[in-house]
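Listed below are the residues making up each chain.
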Amino acid sequence: MAVCDSADQPTLNDAKLAVHSNDVEGQIVEVKDFDYTQRAQWLRAAVLGANDGLISTASLMMGVGAVKQDAKAMIVTGFAGLVAGACSMAIGEFVSVYSQLDIEVAQMKRENRSRDDSESNEENKKEKLPNPFQAAAASTLTFAIGAMVPLLAASFIKEYRVRLGVVVAVSSLALLVFGGLGAAMGKAPVGKACFRVLIGGWLAMAITFGLTKLIGSQAL
């Protein structure tokens, strides 16, 4: 009878370790990257609302400031632009996104009739459908936040020229913040986004101020 050396025999602890290591090696850990396109719908509406609220309200206030030095007139005009713009953004986003939703639902039904989709696949498609209520709420809220920036900046400045300069400076800083925040949340290049938003805001304010100044100087 062959006698095995005890040193050559695997111990119980060694066997446990071997099984444990095999189990660990056999496990496949799946780490799914977050799909940032899921944020695209509401992020687009939020960024659009914030930029639109800031640029349109600041441009309105600059236009009024081009022909009137009264702080009250500028602030009242900006507030009216805030309310009207927020309502317009809410209705516009809701209608446009709902139209997109109807189109995508109709397309999904046509595809389901042409081929048999599993329930999980159909649920995944439904999760990716746009939400008109979410888009409208995001646009309205961020529009109001953006519009409040030049309003608050102008509310505490009595000097006419200083008030105009403060509105431009604060609006420019807010444009950089909104552009960078939107790019960071969507994992897009921050520098390009900030540059686009800032240049667009400057152009809007400059054109509104210049044309209003020109028309206001004429006897109309």
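Rules used throughout
Residues numbered from 1 in each chain as written. Predicted model: local features only at pLDDT ≥ 70, side-chain atom pairs only at ≥ 80, totals over all residues. Heavy atoms only, no water. Phe/Tyr/Trp six-rings, centres within 6.5 Å; stacked < 30°, edge-to-face > 60°. Helix = DSSP H or I, 4+ residues; strand = E, 2+ residues; numbered from the N terminus. Core = buried A, V, L, I, M, F, W, Y, C linked by side-chain atoms within 4.5 Å. Buried < 20%, exposed > 50% of the residue type's maximum accessible area, 1.4 Å probe, protein only. Contact = heavy atoms within 4.5 Å. UniProt positions renumbered as here; feature names shortened; annotations may be inferred.

1. A word on the packing of aromatic side chains
Phase 1 of the analysis: Within the structure shown, the criterion is met by 2 aromatic pairs.
Phase 2 of the analysis: Where Phe94 meets Phe133, the ring centres are 5.1 Å apart and the plane angle is 65°; that geometry is what we call edge-to-face. Taken as a pair, Phe94 in helix α3 (residues 71-114) and Phe133 in helix α5 (residues 132-155) lie far apart in primary sequence, 39 residues in all.
Phase 3 of the analysis: Members of the aromatic cluster, joined through ring pairs, are Phe94, Tyr98 and Phe133.

2. A word on the nonpolar core
Phase 1 of the analysis: Membership of the largest hydrophobic core comes to 15 residues, with the highest contact counts inside it found for Met61, Met62, Met74, Phe143, Ala154, Leu164 and Val167.
Phase 2 of the analysis: Among the secondary structure elements, those contributing two or more residues to this core are α2 (40-67), α3, α5 and α6 (160-185).
Phase 3 of the analysis: In this view, Leu164 contacts Met62, Gly65, Met74 and Phe209; residues no more than four positions away in its chain are not counted.
Phase 4 of the analysis: If you look at the next biggest cluster of nonpolar residues, it comprises 8 residues, including Leu54, Ile55, Leu175 and Val197.

3. Side note on the UniProt feature "transmembrane region" (unreviewed entry) in the protein chain
Phase 1 of the analysis: Per the UniProt entry, the sites bearing "transmembrane region" (unreviewed entry) are residues 71-91, 135-157, 164-185 and 197-216 in this numbering.
Phase 2 of the analysis: Span residues 135-157 is 91% helix and 0% strand, its end C-alpha atoms 35 Å apart.
Phase 3 of the analysis: Along residues 164-185, the helical share is 100% and the strand share 0%, with 32 Å between the first and last C-alpha atoms.

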